[in-house]
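One letter stands for each residue in the lines below.
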Amino acid sequence: MEKLKLGFCPTRRFTFSKEDALRCKKEILQAIGRYDIEIVDIDDINEEGLLYDSIADCEAVIRKMRSGEVDALFVPHCNFGTEDSVARVCRETGVPVLLWGPRDDDPLEDGARLRDTQCGLLATGKVLRRFGVRFTYIPNSTVDSPEFIRGFETFIRAALAVKAFRRTRILQISTRPAGFWTMICNEGELLERFGIECFPITLIDLQNKTLEIEASNSRELEDAVADIHAKVDCGGWAEKNITRVAALKLAVYSYAAQARCNAVAIQCWSALQDSLGIMPCLANAILTDEGLPVTCETDIHGAVTAVMAHAAAMYKTPPFFADITVRQSDNENGELLFHCGNFPPSLMKDGKGKFNGHFLFDGHEPGTHEGEIRGGDISVIRFDGDNGEYSMFMGKAKGTAGKFTRGTYLWIEVNDWPLWEERLVCGPYVHHCVGIHDDVIPALYEACKYLGITPDLVDPDEEEVRAWMRGR
């Protein structure tokens, strides 16, 4: 959950007012300074801190952005701008690019114009395309306008998602369950095409580490047990069960930290129950709450989805990994999002979930927690692919009232469930999705542009998202 490092490369052209360009630069910095990001400027490159015609300055800016390992570039046109220098910096830096310029003032009384920013943006857009640079564009607008504020924040969210995606390393705990052919993925293709790495360990590794931690009676284990009691109603269950779940949580975290993984996919049944006598659901839930998303049934694509959704929400709320389960009997557009007990405790509707044994398996092993999570506005996301093509399903939903069920769950209502169902069944998707209590769809739509993923929008549709980003 690192901060975004944003390269700030304002540009001007020598034929327009330098003084007005510097004034614009100052206003823009003040506007973006309220975001929790690290800004890498070019003030040390020349006396203006602006990118213009000098080839030497252009090369120095490229070196600084590369050495500073920026995650994205913002190139506001403080007047017409210098399109060739901008294109060179953007191409050589190779990160998401935000293109925008402040709306021009009226001509002065003598007929002179200070900026001609809009004209310069048209020129730069063409040259960026010539250079093969993908970019995000905010319509020419004032720095305090809703269009700029909405566009800038969407770009920051998109850049965070791109950063997280490109750094994804998944701790894969064992293979998929034998019956889950839906969880087959192409690990080699994920690595070759996207740079996504899987770091495998076995259930024996996890068992040994869990028992080692359990036997340690360490302060860390005591704290993990106390944390479970604080977050979950454990009434009626033996303390040894709580302790083992806490030890399992610490074991998974230990392996993830050691391998520098930002997500986990675990074979949650049924060999784990045979070896440790518990379910991992609650451990998965708490780890997800703490910023390490864990997906069930060794769902690698689900783990990628959770990483992107969490980043696009600027890490302000955790994702939850769900089965798309049954339609609501009295609501044509109602659907149940459910899983055995892995939804983050912080999302529970009534404060605390209930520690329990698994209600489906014959052994009813302990380690789940149960209850309804809060509703409100939800984004439903799924990254998936087959036959060499990858896409991201995206739709908005709202929590709705529904019947009690076991596990952790939320009933949702969508715009047109038959359309959703058709898209999910006929697309490259499965019965798993990621939900998050935030509108991350515009940001993930934009992130797909930089990652070579096809955005698959069911609600809103693509034109609605593009219109929203234009300020409609």
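Heads up: these notes are all about the structure in this document. What you see as residue numbers is a count from 1 along each chain, following the sequence as written. Local features in a predicted model are, by the rule used here, given only for residues with pLDDT of at least 70; side-chain atom pairs are given and counted only at 80 or more, and totals for whole chains, interfaces and linings are based on all residues. Side-chain metrics rest on all non-hydrogen atoms present in the structure, leaving aside hydrogens and water.

### Observations concerning the overall build of the protein chain
Then comes step 1: A helix here means a DSSP run of H or I that spans at least four residues, while a strand means a run of E at least two residues long, and both kinds are numbered starting from the N terminus. Secondary structure summary: the protein chain contains 15 helices and 19 strands in total.
Then comes step 2: Its C-alpha atoms give the protein chain a radius of gyration of 25 Å, near enough to 23 Å, the size a compact globule of 472 residues would have.
Then comes step 3: Judged by the C-alpha coordinates and their principal axes, the protein chain covers about 85 × 50 × 40 Å.
Then comes step 4: For the exposure calls, accessible area comes from a 1.4 Å probe over protein chains only, and a residue counts as buried if that area is under 20% of its type's maximum, exposed if over 50%, partly exposed in between. Expressed as a percentage of its 472 residues, the buried residues of the protein chain come to 58%.
Then comes step 5: Surface exposure here means Shrake-Rupley accessible area, sampled with a 1.4 Å probe, where a residue is shielded only by the protein chains that are shown. Roughly 19,800 Å² of accessible area belongs to the protein chain as shown, and the carbon and sulfur atoms make up 48% of that amount.
Then comes step 6: For the purpose of counting charges, residues Lys and Arg are taken to be positive, whereas Asp and Glu are taken to be negative. His and the chain ends are not included. Lysine's charge is taken at NZ, arginine's at CZ, aspartate's at CG and glutamate's at CD. If you average the places of the 52 positive and of the 72 negative side-chain charges in the protein chain, the two averages end up 3 Å apart. When we talk radius of gyration, it's over C-alpha atoms, and the globule rule is simply 2.2 Å times the number of residues to the 0.38.

### A closer look at the environment of R91
Then comes step 1: Note on placement: R91 falls in helix 3 (residues 83–93).
Then comes step 2: Looking at R91, the relative accessible area reads 44%, which means it is partly exposed.
Then comes step 3: Distance from R91 to E147, taken between C-alpha atoms, is 26 Å for residues 56 residues apart in sequence.
Then comes step 4: It only takes one pair of heavy atoms within 4.5 Å for two residues to be counted as in contact. Apart from residues no more than four positions distant in its own chain, R91 is found in contact with F131 and V133.

### Description of the pairing of strand 15 (residues 377–386)
Then comes step 1: Along strand 15, eight of the ten residues are buried, which leaves the element largely enclosed by surrounding structure.
Then comes step 2: Pairs of strands are assigned from DSSP output, requiring at least two bridges between the strands. Alignment of strand 15 against strand 16 (residues 389–399), held across ten bridges, turns out to be antiparallel. Across the sheet, the residue bridging to D386 is E389, located in strand 16.
Then comes step 3: Hairpin connection between strand 15 and strand 16: a loop of two residues separates the two successive antiparallel strands, and N387 in this loop has a positive phi of roughly 55°.

### Describing helix 5 (residues 146–166)
An α-helical segment advances 3.6 residues per turn. Residues three or four places apart therefore align on the same side.
Then comes step 1: One less than the residue count of a helix, multiplied by 1.5 Å, gives the span that helix is expected to have. A rise of 1.5 Å per residue sets the reference length of helix 5, with its 21 residues, at 30 Å; its end C-alpha atoms lie 30 Å apart and thus fit the reference within 8%.
Then comes step 2: Counting buried positions along helix 5 yields 15 of 21 residues, so the element is predominantly enclosed.

### Considering the nonpolar core
Then comes step 1: By convention a nonpolar core is built from buried Ala, Val, Leu, Ile, Met, Phe, Trp, Tyr and Cys residues, the set being connected through side-chain atoms within 4.5 Å. If you look at the biggest cluster of nonpolar residues, it comprises 108 residues, and the most contacted ones within it are F74 and F152.
Then comes step 2: The biggest single contributor to this core is helix 5, with eleven residues.
Then comes step 3: For F74, the contacting residues outside a window of four places in its chain are L6, G7, F8, C9, I28, I32, L98, W100, F148 and F152.
Then comes step 4: By size, the runner-up hydrophobic cluster in this structure holds 25 residues, among which are C58, I62, V86 and V95.

### Points about helix 13 (residues 417–426)
Then comes step 1: All of the buried residues in helix 13 are W417, W420 and L424. Summarising the axial view, the buried residues of helix 13 lie within an arc of 60°, below the 170-degree limit, and thus occupy one face. The exposed set on the far side of helix 13, more than 90 degrees from its buried face, consists of E422, V425 and C426.
Then comes step 2: Of the surrounding secondary structure, the elements contacted by the buried residues of helix 13 are strand 11 (320–327), strand 12 (334–339), strand 15, strand 16 and strand 19 (454–459). It is the directions from the helix axis to the C-beta atoms whose arc is reported.

### A few points about unusual backbone geometry
Then comes step 1: Cis geometry is adopted by the peptide bond preceding S270, which originates at W269 and carries an omega value of 0°.
Then comes step 2: Position of S270 relative to the elements: it lies in the loop between strand 9 (263–266) and helix 10 (271–276).
Then comes step 3: Here the bond from D459 into P460 is cis, since omega is 0°, no more than 30 degrees from zero.
Then comes step 4: Of note, the phi angle at E69 is positive, near 50°, even though the residue is not glycine.
Then comes step 5: With respect to the helices, strands and loops of the structure, E69 is situated in the loop between helix 2 (55–67) and strand 3 (72–76).
Then comes step 6: In this structure, M314 takes a positive phi of about 60° despite not being glycine.
Then comes step 7: One can find M314 in the loop between helix 12 (300–312) and strand 11.

### Some words on the sheet that holds strand 5 (residues 136–137)
Then comes step 1: Taken in spatial order, the five strands line up as 2-1-3-4-5 in an open sheet, and their pairing is parallel. Whereas interior strands pair on both sides, the edge strands pair on one side only; in this sheet they are strand 2 (37–40) and strand 5.
Then comes step 2: Here three bridges tie strand 1 (residues 4–8) to strand 3, and the two strands are oriented parallel to one another. Within the sheet, the bridge partner assigned to F8 lies in strand 3 and is F74.
Then comes step 3: Interaxial angle, 0 to 180 degrees, is taken between N-to-C directions of lines fitted to C-alpha atoms, where a helix line uses only the stretch in contact. Where helix 4 (residues 117–130) meets the sheet, it contacts strand 4 (97–100) and strand 5, and its direction lies at approximately 155° from that of strand 4.

### A short note on the sheet that holds strand 10 (residues 294–295)
Then comes step 1: Ordered by their spatial adjacency, four strands build an open sheet running 7-6-9-10, and the pairing between neighbours is parallel. A single partner strand is all that each edge strand has here, and the edge strands are strand 7 (197–201) and strand 10.
Then comes step 2: Bridge analysis of strand 6 (residues 169–173) against strand 7 gives five bridges, and the strand direction is parallel. Across the sheet, the residue bridging to L171 is F199, located in strand 7.
Then comes step 3: Packed onto the sheet, helix 9 (residues 239–258) meets strand 6, strand 7 and strand 9 and runs at close to 140° relative to strand 6.

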